[in-house]
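Residue strings, one per chain:
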Amino acid sequence: MSIPEEFHAISAEEALRRVQTEGWCVIDGVIPQNSVTEVKDSLIAVLAGRSSVSGVITEDQSFVPFLLDERLSAISEGLLGDGYRIARTDVISAGSDYIGTGWHADWPFSGEGSYQVAAPYGDLSMALSTTWMLTDSSVATEGTLIVSGSHRTDGNPAGSGDAEGDGYGVGDRVASQ
């Protein structure tokens, strides 16, 4: 399954609306086409054979100017207010030998560690995750899977749906389709 073309060219206002209602959107051109190779090569150099690097911004700033894209700013400010902060910058190389992380949900849904937020979750925005595809991605190359609306669940949308409220088995349903 590919993402419909109407999800690609998107205004700041439409991007914010889609994230608020669907929980996601695609924003093409955050990194202009003529800069993608330079940014990708710079991040690959930082990886130096590793599959991931946390806090990559301390080692490479090639992508930093693109964090100011008006569409990203509109989403961040619309969801988190004008005092939002970037808390993490990680790079993951999903090359041909990449196994992936399996079905999961990001914070606050992950419910792991000392920063866990207990379910049920309120209807508010606590965090925003972005994924920047610097190489072609498709179902065949195991790109990112998204479940529209899962940001509105009361528990971990990747969970089993047990009595503790840790989700609704969304991952199991999607994986079996």
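Numbering of residues starts from 1 in each chain and follows the order in which that chain's sequence is written. This being a predicted model, a pLDDT of at least 70 is required before a residue's local features are given, and a value of 80 or more before pairs of side-chain atoms are given or counted; all residues contribute to the totals for chains, interfaces and linings. By convention in this description, side-chain values take in all heavy atoms of the structure and omit both hydrogens and water.

Focus on the overall build of the chain
Put simply, the rule is: For helices the rule is a DSSP run of H or I covering at least 4 residues; for strands it is a run of E covering at least 2, with both sets numbered from the N terminus onward. In this scheme, a residue with accessible area under 20% of its type's maximum is buried, one over 50% is exposed, and one in between is partly exposed, where area comes from a 1.4 Å probe on protein chains only. Should any heavy atoms of two residues lie within 4.5 Å, those residues are counted as being in contact. Per-residue and other accessible areas were derived by the Shrake-Rupley procedure at a 1.4 Å probe size, with only the shown protein chains allowed to occlude residues.
When its secondary structure is counted, the chain shows four helices and two strands. Reading the helices (α) and strands (β) of the chain from amino to carboxyl end gives α-α-β-α-β-α. Per-residue burial over the chain gives 28% buried out of 177 residues. Taking as baseline every contact in the chain between residues at least 6 positions apart, the subset at least 24 positions apart corresponds to 57%. Carbon together with sulfur atoms contributes 51% to the accessible area of the chain, which is approximately 11,700 Å² in total.

Describing the environment of lysine 40
The topology assignment puts lysine 40 in helix α2 (residues 33-47). As a C-alpha pair, lysine 40 and phenylalanine 63 span 23 residues in sequence and 9.0 Å in three-dimensional space.

Observations concerning the nonpolar core
Rule in force here: Residues belong to a common nonpolar core when they are buried Ala, Val, Leu, Ile, Met, Phe, Trp, Tyr or Cys residues joined through side-chain atoms within 4.5 Å.
Core analysis: the largest hydrophobic core is formed by 22 residues, its most contacted members being Cys25, Ile27, Val56 and Ile75. Residue assignment for this core shows that the elements contributing at least two residues are α1 (12-22), α2 and α3 (70-80). Top element by residues in this core is α2. It accounts for five residues. Once residues lying within four places of it in the same chain are set aside, the contact partners of cysteine 25 are Ile10, Ala15, Arg18, Val19 and Ile75.

Observations regarding the pattern of salt bridges
Where we set the bar: Salt bridges are identified by distance alone: a Lys or Arg side-chain nitrogen within 4 Å of an Asp or Glu carboxyl oxygen.
Under the definition given, this model contains five salt bridges. In this structure, glutamate 14 and arginine 18 form a salt bridge, with 2.8 Å as the shortest nitrogen-oxygen distance. Of the two residues, glutamate 14 and arginine 18 both sit in helix α1, four residues apart, roughly one turn of that helix. As a salt-bridge pair, arginine 88 and aspartate 90 come within 2.4 Å of each other at their nearest N and O atoms. Taking relative accessible area as the criterion, aspartate 90 reaches 37% and is therefore assigned partly exposed.

Here's the deal with unusual backbone geometry
Here the phi dihedral of alanine 48 falls at roughly 45 degrees; this positive angle occurs in a residue that is not glycine. Among the secondary structure elements, alanine 48 is positioned in the loop between α2 and β1 (52-53). Judged by its relative accessible area of 59%, alanine 48 falls in the exposed class.

Observations regarding the packing of α1 against α3
What counts here: Throughout, an axis means a line fitted to C-alpha atoms (over the contacting stretch in the case of helices), and angles, computed between N-to-C directions, take values from 0 to 180 degrees. An angle below 35 degrees is treated as roughly parallel, one above 145 as roughly antiparallel, one from 65 to 115 as roughly perpendicular, and anything else as oblique. Here a crossing is taken to be left-handed if its near helix is turned anticlockwise relative to the far helix by less than a right angle, and right-handed if that turn runs clockwise. Residues are grouped as follows: nonpolar covers Ala, Val, Leu, Ile, Met, Phe, Trp, Tyr, Cys and Pro; charged covers Asp, Glu, Lys and Arg; every other residue, Gly included, is treated as polar.
It is at 8 Å that the axes of α1 and α3 come closest, and there the two elements cross at 45 degrees. With respect to α3, the axis of α1 lies oblique. As for how α1 packs across α3, the hand of that crossing is right-handed. On α3, the residues that touch Ala12, Ala15, Leu16, Val19 and Gln20 of α1 are Glu70, Arg71, Ala74, Ile75, Gly78 and Leu79. Residues belonging to the contact of α1 with α3 are distributed by class as follows: seven nonpolar, two polar and two charged.

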